[in-house]
Amino acid sequence: MKNATWDVFIAGAGPAGAATALSLAAVAPELRVCLAGAGRFDPFRVGESVPPLIQRFLDHLGVWQAFVDEGHCPSFRTLSAWGGPVLEGNEFFLHVHKTGWRLDRGRFDLWLAAEAERRGALPLTAKVRALAPEGEGWRIDCGDSGIHRARCAVDATGHAALLARLAGLAPVNHDRLVACVGFFPDMGGTDRPGADAALIEAFGDGWWYTAATPSGQRVVALMTDSDVVGRLGASRLETWLKHLQATRHVRVLVDVSRPLAPLRLWPAASRRLDGPFRAGLIPVGDAVSSFDPLSSQGIIKALRSGIFASYAIADWLLRADGGQGFSRYTVLMRREFTAYRETLRNYYRLEQRWPNALFWRRRHLDSP
Ligand SMILES: Cc1cc2nc3c(=O)[nH]c(=O)nc-3n(C[C@H](O)[C@H](O)[C@H](O)COP(=O)(O)OP(=O)(O)OC[C@H]3O[C@@H](n4cnc5c(N)ncnc54)[C@H](O)[C@@H]3O)c2cc1C
């Protein structure tokens, strides 16, 4: 499939790219859609906890039952020591859809992309390198995987926001949050509080979270600001482990004797793409905005943006709406981010135990 021409070229086969392809298959099946992914499977991934609301999006995309059959771990609450030292539960039975999930994230992404392919999206193993306007559409350079042309390009490259950057748009960071993440074997059992739920614990320089995944891993993340990492020594396993030992709730869930992979650092700042999106080039998922992992909203936000983007694309390519759908999408993404920032601010203000610590002071002083 080297040097092909498409109606829609989706760069990035994560949740946002796959959701865009799945939704396009439903609303505009006549379009020729390419779903291009880097084709790597990474067994050590973050982004594993999803709230009950995911059911609504997967249902809408027509893949809910297939998701249930995949055997991810149902989850019935989150636990947090936030605003005080004692763990408190947020029970999902109060939600309309009562079950959240802890995902085997690598497998989830592959499965969703495969569902999109089953509905007609054509897969391409490719790393997009360059993008340039050409005629009414785009010329996309995929290196060894050829030169592709498309009337519409979707940037689903996640944090890289590669296509948007190549088109001159700049993501704007709203904070400096990073994740220092360790992967351990899960100790199993459900007798310890938090063993079967995502658990969050605040500390003076940030917060921790941990969750066990269906593949028997336990993800453990220290979340702090990039300029605090050095002072804490949080990027070195020995010092990271010392900080872990100082926690009250997280440490009892982790068998530190056998790390499964070296410590990894992930950018986790709240971020939004700045500038007007150009008709015919549409960013989705983390490429358009990234949410603080505290929200556990990244995946459902990625699915939602993919669905909305597909409507704008169909209006543009099939109904020649002159780009009105893209404008509506831009406004929607901006409003979504504003509402999210307000909720996040309120949530950080609930934690007042370290008013003088830089990490918390930044979040308490943060204004709209
Ligand atoms: C520490 C941490 C914890 C998190 N925890 C959660 C959580 O518990 N729950 C939750 O819902 N969210 C969580 N998130 C956020 C969540 O992981 C993201 O919001 C989500 O993955 C966004 O999906 P996406 O499809 O936009 O991007 P991604 O999942 O990043 O997918 C982008 C895809 O594009 C591909 N790609 C990149 N560049 C190219 C290229 N040049 N050519 C082709 N392909 C390319 C990548 O390989 C990847 O497959 C967390 C994030 C972090 C950092």
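Parameters and conventions
- Residues numbered from 1 in each chain as written.
- Predicted model: local features only at pLDDT ≥ 70, side-chain atom pairs only at ≥ 80, totals over all residues.
- Heavy atoms only, no water.
- Helix = DSSP H or I, 4+ residues; strand = E, 2+ residues; numbered from the N terminus.
- Rg over C-alpha atoms; globule rule 2.2 N^0.38 Å.
- Buried < 20%, exposed > 50% of the residue type's maximum accessible area, 1.4 Å probe, protein only.
- Contact = heavy atoms within 4.5 Å.
- Areas by Shrake-Rupley, 256 points an atom, 1.4 Å probe, with all protein chains shown as cover.
- Lys, Arg positive; Asp, Glu negative; His and termini not counted.
- Charge placed at Lys NZ, Arg CZ, Asp CG, Glu CD.
- Phe/Tyr/Trp six-rings, centres within 6.5 Å; stacked < 30°, edge-to-face > 60°.
- Pairing = 2+ DSSP bridges.
- Salt bridge = Lys/Arg side-chain N within 4 Å of Asp/Glu carboxyl O.
- Polar contact = N/O pair within 3.5 Å; in protein donor to acceptor, adjacent residues only side chain to side chain.
- Patch = residues over 30% accessible without salt bridge, like charges linked within 9 Å, V, L, I, M, F, W, Y side chains within 5 Å.
- Near = heavy atom within 4 Å.

Things to note about the overall build of the protein
Working step 1: Within the protein, the regular secondary structure consists of 10 helices and 20 strands.
Working step 2: By the compact-globule yardstick of 21 Å for 368 residues, the protein fits well, its C-alpha radius of gyration being 21 Å.
Working step 3: Principal axes of the C-alpha set define a box for the protein whose edges measure 60 × 45 × 40 Å.
Working step 4: In the protein, buried positions account for 53% of the 368 residues.
Working step 5: Contacts in the protein between residues far apart in sequence, at least 24 positions, make up 73% of those at least 6 positions apart.
Working step 6: Carbon and sulfur atoms provide 54% of the accessible area of the protein, an area that totals close to 15900 Å².
Working step 7: Mean positive and mean negative side-chain charge positions of the protein (44 and 37 charges, respectively) differ by 3 Å.

Regarding the packing of aromatic side chains
Working step 1: Following the criterion strictly, the structure yields 25 aromatic pairs and no others.
Working step 2: Arranged with centres 5.9 Å apart and planes meeting at 55°, the rings of Phe67 and Trp111 form a pair that is tilted. Taken as a pair, Phe67 in helix 3 (residues 64-69) and Trp111 in helix 4 (residues 105-118) lie far apart in primary sequence, 44 residues in all.
Working step 3: What makes Phe67 buried here is its relative accessible area of 0%.

Describing the sheet that holds strand 12 (residues 170-173)
Working step 1: Strand order in this open sheet of three strands is 12-18-20, and the pairing throughout is antiparallel. Here the strands that pair on one side only, and so sit at the sheet edges, are strand 12 and strand 20 (289-290).
Working step 2: Direction of pairing for strand 12 relative to strand 18 (residues 271-274): antiparallel, over a ladder of four bridges. Across the sheet, residue Ala170 finds its bridge partner in strand 18, namely Asp274.

Observations concerning the sheet that holds strand 3 (residues 49-50)
Working step 1: Spatial ordering of the open sheet is given by 3-7-4, a layout of three strands whose pairing is antiparallel. The open sheet terminates on both sides in strands that have one partner only, identified here as strand 3 and strand 4 (73-75).

A look at the side chain of Asp292
Working step 1: Structurally, Asp292 is set in the loop between strand 20 and helix 8 (298-318).
Working step 2: We note that Asp292 is buried and unpaired, the nearest opposite charge coming from Arg363 at a distance of 5.3 Å.
Working step 3: Polar side-chain contacts of Asp292 include one of 2.9 Å to the backbone nitrogen of Leu294.
Working step 4: Apart from the residues within four sequence positions on either side, Asp292 is in contact with Leu177, Trp207, Ala268, Ser270, Tyr340, Leu344 and Tyr348.

Focus: a nonpolar patch on the surface
Working step 1: A surface patch of nonpolar side chains, about 280 Å² in accessible area, is lined by Val27, Phe308, Tyr311 and Leu332.
Working step 2: The exposure class assigned to Tyr311 is partly exposed, which follows from its relative accessible area of 31%.

Things to note about the pattern of salt bridges
Working step 1: What the rule picks out here adds up to 24 salt bridges.
Working step 2: Among the ionic pairs, Glu115 bridges to Arg119, the shortest N-O distance being 3.7 Å.
Working step 3: Overall, the relative accessible area of 8% leaves Glu115 in the buried class.
Working step 4: What makes Arg119 partly exposed here is its relative accessible area of 34%.
Working step 5: A salt bridge links Asp186 to Arg218, with the shortest nitrogen-to-oxygen separation between them at 3.3 Å. Here Asp186, found in the loop between strand 13 (177-185) and strand 14 (198-203), pairs with Arg218, found in strand 16 (residues 217-225); they are 32 residues apart in sequence, far enough to count as distant.
Working step 6: For Asp186, a relative accessible area of 27% translates into the label partly exposed.
Working step 7: Within the structure, one salt-bridge network assembled from shared partners comprises Arg176, Asp225, Asp227, Arg362 and Arg363.

Observations regarding the site of the ligand
Working step 1: Around the ligand sit 28 residues, and of these Ser49, Arg105, Val128, Asp286 and Ile299 come closest.
Working step 2: One of the side-chain N or O atoms of Arg105 is found 2.7 Å from an oxygen atom in the ligand.
Working step 3: Between Val128 and the ligand, the recorded distance is 2.9 Å, taken from a backbone N or O atom to a nitrogen atom.
Working step 4: For the ligand, whose accessible area on its own is 1000 Å², the fraction buried by protein is 86%.

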